[in-house]
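Coordinates in review
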Amino acid sequence: MGFRVHYAQWQLLLYLFREIFLEGSYLFESNTESPTIVDCGSNIGMSILFFKMIYPKSQIIGFEPDPATFETLQSNIECNALAGVKVYPFALSGGDGMIDFYHKDDDAGSLLMSIHKIRMGGERIVVPTRKLSSFVTGPIDLLKMDIEGAEEEVIKELVASNVLSFVQQMFIEYHHHINSSEDTFSRFLALLEQSGFGYQISSDAKKGKIARSSEFQDIRIYCYRKQ
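Below is a short write-up of the structure. Computed from a predicted structure; not experimentally measured. (Residues numbered from 1 in each chain as written. Predicted model: local features only at pLDDT ≥ 70, side-chain atom pairs only at ≥ 80, totals over all residues. Heavy atoms only, no water.)

A word on the overall build of the protein. Secondary structure summary: the protein contains six helices and 10 strands in total. In the protein, buried positions account for 50% of the 227 residues. Considering only intrachain contacts with a sequence separation of at least 6, the fraction spanning at least 24 residues in the protein is 72%. About 11,400 Å² of surface is accessible on the protein, with carbon and sulfur atoms providing 50% of the total. (Helix = DSSP H or I, 4+ residues; strand = E, 2+ residues; numbered from the N terminus. Buried < 20%, exposed > 50% of the residue type's maximum accessible area, 1.4 Å probe, protein only. Contact = heavy atoms within 4.5 Å. Areas by Shrake-Rupley, 256 points an atom, 1.4 Å probe, with all protein chains shown as cover.)

Here's what the structure looks like:
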C-alpha cells in the first residue's frame, strides 16, 4: 500500500518514516484482522498510516492537541482516504477542561510539544483536554501513547475509571526527567504491574557520552496483558 503525506519539514518527516516504517517501532500482533487501536499523540499521522499498512481493516481513534499539526493530520487521513479512522483535537489528561500547551508556532509537527513548559518552552496556547476513558467503550487491541509527559496521569485515570482492563497491549513512550528533580519511573512501572501488565523496555543508547543526572531520556515500554 502506498501513502501520500502532506508535510513541509522533510527532515522530521524522514525521521518519523525511519522510526515508524523502517524500524517498525509500532509493530504488534493481533488476533483479528480488524484490531481496535487508540493512538494518543498522533502528530501528523505517520503512526496511523503505519497501522493502516499492517492492518488495513483496523479501527483507529487518534488524538492530537496542536491545532496546526491536527490540520496536517486530517489532511493526511483525507488524502489517503483512510476508512475507520476518527481523530480528535484534544490533549489527554486526568480530567476534562482546558489546559496550557506549549509549542513552537513556526514548527508544526514538532516532537517536543507538551503540556509541560519545562519540556521545551515555546509559545503557550490553551487547548481542550479530555479523559481517555470517555472514549473507551470496548476492547482495545493496542493503546499507543506518546504524549510528552502526561502518560502517568492518563494511565492513572484509566485505572481509576476501571477501563484499563479493556486494553490488551500498549506501546508507551515514557518521558524520563522532563523535570530532572523527579524520578518516578519505578512508580510508573509499578502501576503497570499492578494493572496486570508485563513489559519490555528499550531506550536510545548514549554511546560515547557521559550520563548526566539532569539528562532527559525517551524510554519505550511495550506492555502486554498477563492477567
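That shown, we press on.
In this section: the sheet that holds strand β1 (residues 36–40). Strand-to-strand pairing in sheets goes through backbone hydrogen bonds, with the strands running parallel or antiparallel. Pairing in this open sheet of seven strands is mixed, and the strands run β3-β2-β1-β7-β8-β10-β9 from one edge to the other. Among the strands making up the open sheet, the edge pair consists of β3 (85–88) and β9 (197–203). With direction set aside, neighbouring strand axes in the sheet form an average angle of 15°. Relative to strand β2 (residues 59–63), β1 is paired through five bridges, and the arrangement is parallel. Looking at the pairing, Ile37 lines up with Ile60 of β2. Contacting β1, β2, β3 and β7 (142–145), helix α2 (residues 46–54) runs over the sheet at an angle of about 165° to β1. (Pairing = 2+ DSSP bridges. Axes fitted to C-alpha atoms, helices over the stretch in contact; angles between N-to-C directions.)

This part covers the side chain of Lys52. Inspection of the secondary structure puts Lys52 in helix α2. Engagement of the side chain of Lys52 in a polar contact is seen with the backbone oxygen of Pro56, the distance being 3.1 Å. (Polar contact = N/O pair within 3.5 Å; in protein donor to acceptor, adjacent residues only side chain to side chain.)

A separate point is the side chain of Ser47. Structurally, Ser47 can be placed in helix α2. Ignoring sequence-local partners within four residues, the contact set of Ser47 consists of Ile20, Tyr26, Asp39, Ser42 and Lys144.

Looking at the secondary structure, you find Tyr199 in strand β9. Given a relative accessible area of 22%, Tyr199 falls into the partly exposed group. Sequence separation of Tyr199 and Lys226 is 27 residues, and the distance between their C-alpha atoms is 9.5 Å. When residues no more than four places from it in sequence are discounted, the contact partners of Tyr199 are Leu189, Glu193, Ile221, Tyr222, Cys223 and Tyr224. A distance of 2.4 Å separates polar atoms of two side chains, one belonging to Tyr199 and the other to Glu193.

Inspection of helix α5 (residues 151–160) places Glu151, Glu152, Val154, Ile155, Glu157 and Leu158 among the buried residues, and these make up the whole buried set. Buried residues along α5 sit against β4 (91–93), β6 (123–131), β7, β8 (169–176) and α6 (185–194). Asn162, located one to two residues past α5, shows a positive phi value of around 60°.

With 31 residues, the main nonpolar core has Leu143, Met170 and Ile221 as its most contacted residues. Residue assignment for this core shows that the elements contributing at least two residues are β1, β2, β7, α5, β8, α6 and β10 (217–225). When near neighbours in sequence (up to four residues on either side) are disregarded, Ile221 contacts Met170, Phe171, Ile172, Tyr174, Phe185, Phe188, Leu189, Leu192, Tyr199, Gln200 and Ile201. Core analysis: the next-biggest nonpolar cluster, separate from the first, contains 21 residues, Tyr26, Met46, Ile48 and Phe70 among them. (Core = buried A, V, L, I, M, F, W, Y, C linked by side-chain atoms within 4.5 Å.)

With respect to the secondary-structure elements, Phe28 resides in the loop between α1 (10–22) and β1. Once the C-alpha coordinates of Phe28 and Leu142 are considered, the two residues, 114 residues apart in sequence, prove to be 8.0 Å apart. For Phe28, the residues in contact, after removing those within four places along its chain, are Pro35, Ile37, Phe51, Ile54, Tyr55, Asp141, Leu142 and Gln169.

Following both chains from N to C, one finds α5 and α6 inclined at 25°, their axes separated by 11 Å at the closest point. As far as their axial angle goes, α6 and α5 are roughly parallel. The hand of the α5/α6 crossing is left-handed. Residues Glu151, Glu152, Ile155, Lys156 and Val159 of α5 touch α6, and the partners they reach there are Arg187, Phe188 and Leu191. Looking at the contact of α5 with α6 residue by residue, the class counts come to four nonpolar, no polar and four charged. (Parallel < 35°, antiparallel > 145°, perpendicular 65-115°, else oblique. Left-handed = near helix turned anticlockwise from the far one by under 90°. Nonpolar A, V, L, I, M, F, W, Y, C, P; charged D, E, K, R; others polar.)

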